[in-house]
Amino acid sequence: MKQEILHIMPVRLRESMAQRLQEERKIEEIRIRIGQPIELRYAEKSIWLPYRVNAADVEEMLTFISQYSLYAYEEEIRQGYLTIEGGNRIGFAGQVRLLDGQVSRMTNIRFLNIRIAREWKDCARELLPWLYKEGEFLNTLLLSAPGVGKTTCLRDCIRLISNGDEQHSGKKVCVIDERSEIAACHLGIPCNDLGKRTDVLDGCPKREGMKMALRSMSPEVIAVDELGGADDASSIEEMFLCGCKILGTMHGDHMEHVVRQSGMERIYQKRLFQRYVFLTKRETGTRTFHVYDQECRQLC
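Structural notes, computed from the coordinates. Just so we're clear, the structure is a prediction, and the values are computed from it rather than from any experiment.

This paragraph deals with the pattern of salt bridges. A full pass over the atoms with the stated rule returns 22 salt bridges. Where Arg12 meets Asp57, a salt bridge forms, and the shortest distance between an N and an O atom there is 2.7 Å. Of this pair, Arg12 sits in helix 2 (residues 11–23) while Asp57 sits in helix 3 (residues 55–65), placing them 45 residues apart in sequence. Here Asp57 falls in the buried class, since its relative accessible area comes to 3%. Linking Glu39 and Arg33 is a salt bridge whose minimum nitrogen-to-oxygen distance equals 2.9 Å. Three or more residues are tied together by salt bridges with common partners; here these are Glu29, Arg31, Arg33, Glu39 and Arg41.

So, in structure tokens, the structure goes:
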């Protein structure tokens, strides 16, 4: 993680940041704001570094992030984020340009949020038994507010399901990694351990990716991140009809968020997801999970 982050930092700050990143191993986010000190965010606290960021620093970072071609990444920046090597995700904020009421581009980027990607192996091991019934994996949706750890939990679930254990046979899993954040592929090779029976469609939109996976990879489980909207709901309904299991994530910290999403109300009413897992973060930074069945009965 250290080198990947240092390579996108302003040259004048690299030496100081290298020492910080070596000492502080549990950083979750690095927040860059023009005119403000750099913020290192942890699960339970923040530390402010005495380096005030200026416009030249941000421009230099954008040059490194885009590998000297900001234009080549214009589509990703328009969507507000870019995933770099190692699965680290950069969020952007600045001046938004509209065309016919839609975001056409982002200019004068002045704020960056570097979200540190980490593998926390076995973080989902205690959760896993609740996702099976009579040896069969159940359609599962992981939910939480932003920044709580949905993707980290999803990643470990994929690895455990793929490898299997004494109680559960390993499953063929296909990951539709639209944002290159789950597998963190570099030149098509996953940097994260997703298990020995896992295949990855990297950078592929969920709707197209699920159909491609079904046609070509014969998956038993399809894993997707950040579901939401009518298109996603329609796609996962098709997968259910084809007999493929779904492991997905969605923003939300209670069931109302599920049914409010366009198209997801129909999925809920048909009881297609058999497990809903809500992840929460305590003030101490520790994560907990609450598991519900398709009838919204709490299991644990």
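What follows deals with the packing of aromatic side chains. Across all of its chains, the model carries six aromatic pairs by this definition. Measuring from centroid to centroid gives 5.7 Å for Tyr132 and Phe137, while their planes differ by 75°, and the two rings are edge-to-face. Following the ring pairs from residue to residue traces out a cluster consisting of Phe240, Tyr268, Phe273 and Tyr276. One residue, Lys45, lies across the ring of Tyr42, its end atom 5.2 Å from the ring centre. Its end group placed over the ring of Tyr81, Arg89 keeps NZ or CZ at 4.3 Å from the ring centre.

Let's shift gears to the nonpolar core. Membership of the largest hydrophobic core comes to 33 residues, with the highest contact counts inside it found for Met17, Ile30, Ile38 and Phe92. At the level of elements, helix 1 (2–6), helix 2, strand 1 (29–33), strand 2 (37–41), strand 3 (46–52), helix 3, strand 5 (89–99) and strand 6 (102–115) are the ones that each hand at least two residues to this core. Of all the elements, helix 3 adds the most residues to this core, at five residues. Setting aside residues no more than four positions away along its own chain, Phe92 makes contact with Leu62, Ile65, Ile77, Gly80, Tyr81, Leu82, Met106, Ile109, Phe111 and Leu112. Counting 26 residues, the second largest nonpolar core, distinct from the first, contains Leu128, Cys157, Val173 and Ala183.

Once that is clear, we can look at the environment of Thr284. Following the sequence through the fold, Thr284 ends up in the loop between strand 16 (275–281) and strand 17 (287–293). With a relative accessible area of 57%, Thr284 lands in the exposed category. Distance in space between the C-alpha atoms of Thr284 and Met17 is 25 Å, their sequence separation being 267 residues.

Bringing the sheet that holds strand 16 into the picture now. Strands sit in the order 13-10-14-15-9-16-17 across an open sheet of seven strands; the sheet is mixed. Two strands close off the open sheet at either side, each with one partner strand: strand 13 (198–202) and strand 17. Going from strand to strand, the sheet's axes swing by 20° on average, the running direction of each strand aside. Helix 5 (residues 150–163) contacts strand 9 (140–144), strand 10 (173–177), strand 13, strand 14 (221–224), strand 15 (245–251) and strand 16 of the sheet and is inclined by roughly 170° relative to strand 15.

Strand order in the open sheet formed by six strands is 3-2-1-6-5-4, with antiparallel pairing between adjacent strands. With partners counted over all chains shown, the strands left at the sheet margins are strand 3 and strand 4 (81–83), one partner each. For this sheet the average axis-to-axis angle between neighbouring strands, irrespective of direction, equals 30°. The pairing of strand 2 with strand 3 spans five bridges and is classified as antiparallel. Looking at strand 3, one finds that Glu39 is bridged to Trp48. Strands strand 1, strand 3, strand 4, strand 5 and strand 6 of the sheet are contacted by helix 3, whose axis makes an angle of about 100° with strand 6.

Quick notes on the rules
Residues numbered from 1 in each chain as written. Predicted model: local features only at pLDDT ≥ 70, side-chain atom pairs only at ≥ 80, totals over all residues. Heavy atoms only, no water. Salt bridge = Lys/Arg side-chain N within 4 Å of Asp/Glu carboxyl O. Helix = DSSP H or I, 4+ residues; strand = E, 2+ residues; numbered from the N terminus. Buried < 20%, exposed > 50% of the residue type's maximum accessible area, 1.4 Å probe, protein only. Phe/Tyr/Trp six-rings, centres within 6.5 Å; stacked < 30°, edge-to-face > 60°. Lys NZ or Arg CZ within 6 Å of the ring centre and 35° of its normal. Core = buried A, V, L, I, M, F, W, Y, C linked by side-chain atoms within 4.5 Å. Contact = heavy atoms within 4.5 Å. Pairing = 2+ DSSP bridges. Axes fitted to C-alpha atoms, helices over the stretch in contact; angles between N-to-C directions.

Just geometry here; none of it tells us what the structure is for.
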